[in-house]
Amino acid sequence: MTLRIAYLGPPGTFTYLAAAQLWERTDELLPSTTVPEVIDRVRWGDCDFGVVPVENTVEGIVTASLDQLVFGSGDVVVLREISVPTTFHVYRATGASGPPTGIASHPHGLAQCTRYVNAAGLPTRVFQSTAAAVEAAAADPGLLAIAAPDLAGRYAVSLVDSGIEDHPGVVTRFACLGSRRRQADLPAPDEGLSWKTLLALTPATRPGTLADVCVQFSDQGVNILSLTSRPLPGFAGAYVFVLALADTRTSAGLARAVNGLLYTGVRVKFLGSFLSDHLLRPSRPDRPLSAPAGSFGLRDLHEVSAVFPGRP
Ligand SMILES: O=C(O)C(=O)Cc1ccccc1
């Protein structure tokens, strides 16, 4: 059976590279113009699965994708997570001459290549995807486009520069989305993937609610990998917390933690339990974790007391 897979297109986006990692040529990869369009095609049954960017190690969460999952309706959850190394190249219409007049990309592309973009000193143009910018550059000889590798054969453009990102070693994570019932229909996973579960939690707004949430997971030995807060529309000052947990939906510990949460009054939305290559592809395997410059630790107590002068 040929599967229909919606992705953020046109062909040659980083999302396309993620989708092509998972599906064979026999399946139909169908480009969509925006992330909400991909999710709608899955939600309304026009496509079996969808692929969207979810997190970038420089730019952080792709809120357009996360908010669709958190606030959208219907049975659309994350079924698999795929990482793609994100290196940026510059293209221009083949045969174009004279000084360029603009530089174009997806907002994340422009944000991850600030040194190059600033040095170019050209007006920037934002597109729905990197490959959409390349498509526009093919038709506009003044435009430079920042996008994924290997697009010169696919569009009428030539490679101008390569590896222009500010930080080498960046990885973008993509989510394969679909109905909970379709998880078994995905291609067999590679070896060494690890389970993640994504939950959106809405606690009451009082001191200690987030501590209550964390205690439920720590009591069950479930590692919280990340915590993202999204404003709850229509309720100023209230947030939904999206937690990525290092466990599978079928574990007893996770079931106990979620049951415990319900008793503390937290509302829980299930956003998916899936295999991820997250730990297989850490973005900087060569470097130990380091906190941002200017962070203090136990050795810097004098700095702590300068910022927090109250007596402990
Ligand atoms: O525009 C693309 O190619 C995408 O897939 C979204 C994106 C943009 C920039 C970095 C990673 C993903």
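Looking up the protein chain in an unreviewed UniProt entry gives the name Prephenate dehydratase, with the organism given as Hamadaea flava. What UniProt states about the protein chain under its Pathway (unreviewed entry) heading is, verbatim, "Amino-acid biosynthesis; L-phenylalanine biosynthesis; phenylpyruvate from prephenate: step 1/1." Quoted verbatim from the Catalytic activity (unreviewed entry) field of the UniProt record, the comment on the protein chain reads "prephenate + H(+) = 3-phenylpyruvate + CO2 + H2O".

Draft legend 1. Region of the structure containing the overall build of the protein chain. The secondary structure content of the protein chain amounts to nine helices and 15 strands. Taken along the three principal axes of its C-alpha coordinates, the protein chain extends 65 × 60 × 40 Å. Taken across its 312 residues, the protein chain has 37% of its residues classed as buried. Considering only residue pairs separated by 6 or more positions, the protein chain has 73% of its internal contacts joining residues 24 or more positions apart.

Draft legend 2. Main features of the environment of Gly 95. Within the secondary structure, Gly 95 sits in the loop between strand E6 (89-93) and strand E7 (102-105). Between the alpha carbons of Gly 95 and Ser 158 there is a distance of 8.1 Å; along the sequence they are 63 residues apart.

Draft legend 3. Just the nonpolar core, in detail. Counting 75 residues, the largest nonpolar core has Val 52, Val 134, Ala 137, Ala 145, Ala 147 and Leu 177 as the members making the most contacts within it. Looking at which element gives the most residues to this core, the answer is helix H6 (residues 130-139), with six residues. Contact partners of Ala 137, with chain neighbours within four places excluded, come to Tyr 91, Arg 92, Ala 93, Ala 104, Leu 143, Leu 144, Ala 145 and Val 157.

Draft legend 4. Main features of the packing of helix H7 (residues 209-219) against helix H8 (residues 252-263). Direction vectors running N to C along H7 and H8 enclose 155°, while the axes themselves pass 8 Å from each other. For the element pair H7 / H8, the angle class is roughly antiparallel. Judged by the sense of rotation from one axis to the other, the crossing of H7 with H8 is right-handed. Contacts between H7 and H8 involve Val 213, Gln 216 and Phe 217 from the first element and Ala 257, Gly 260 and Leu 261 from the second.

Basis of the calculations
Residues numbered from 1 in each chain as written. Predicted model: local features only at pLDDT ≥ 70, side-chain atom pairs only at ≥ 80, totals over all residues. UniProt positions renumbered as here; feature names shortened; annotations may be inferred. Helix = DSSP H or I, 4+ residues; strand = E, 2+ residues; numbered from the N terminus. Buried ≥ 20, exposed ≤ 12 C-beta atoms within 10 Å, placed from the backbone. Contact = placed C-beta atoms within 7 Å. Core = buried A, V, L, I, M, F, W, Y, C linked by C-beta atoms within 7 Å. Axes fitted to C-alpha atoms, helices over the stretch in contact; angles between N-to-C directions. Parallel < 35°, antiparallel > 145°, perpendicular 65-115°, else oblique. Left-handed = near helix turned anticlockwise from the far one by under 90°.

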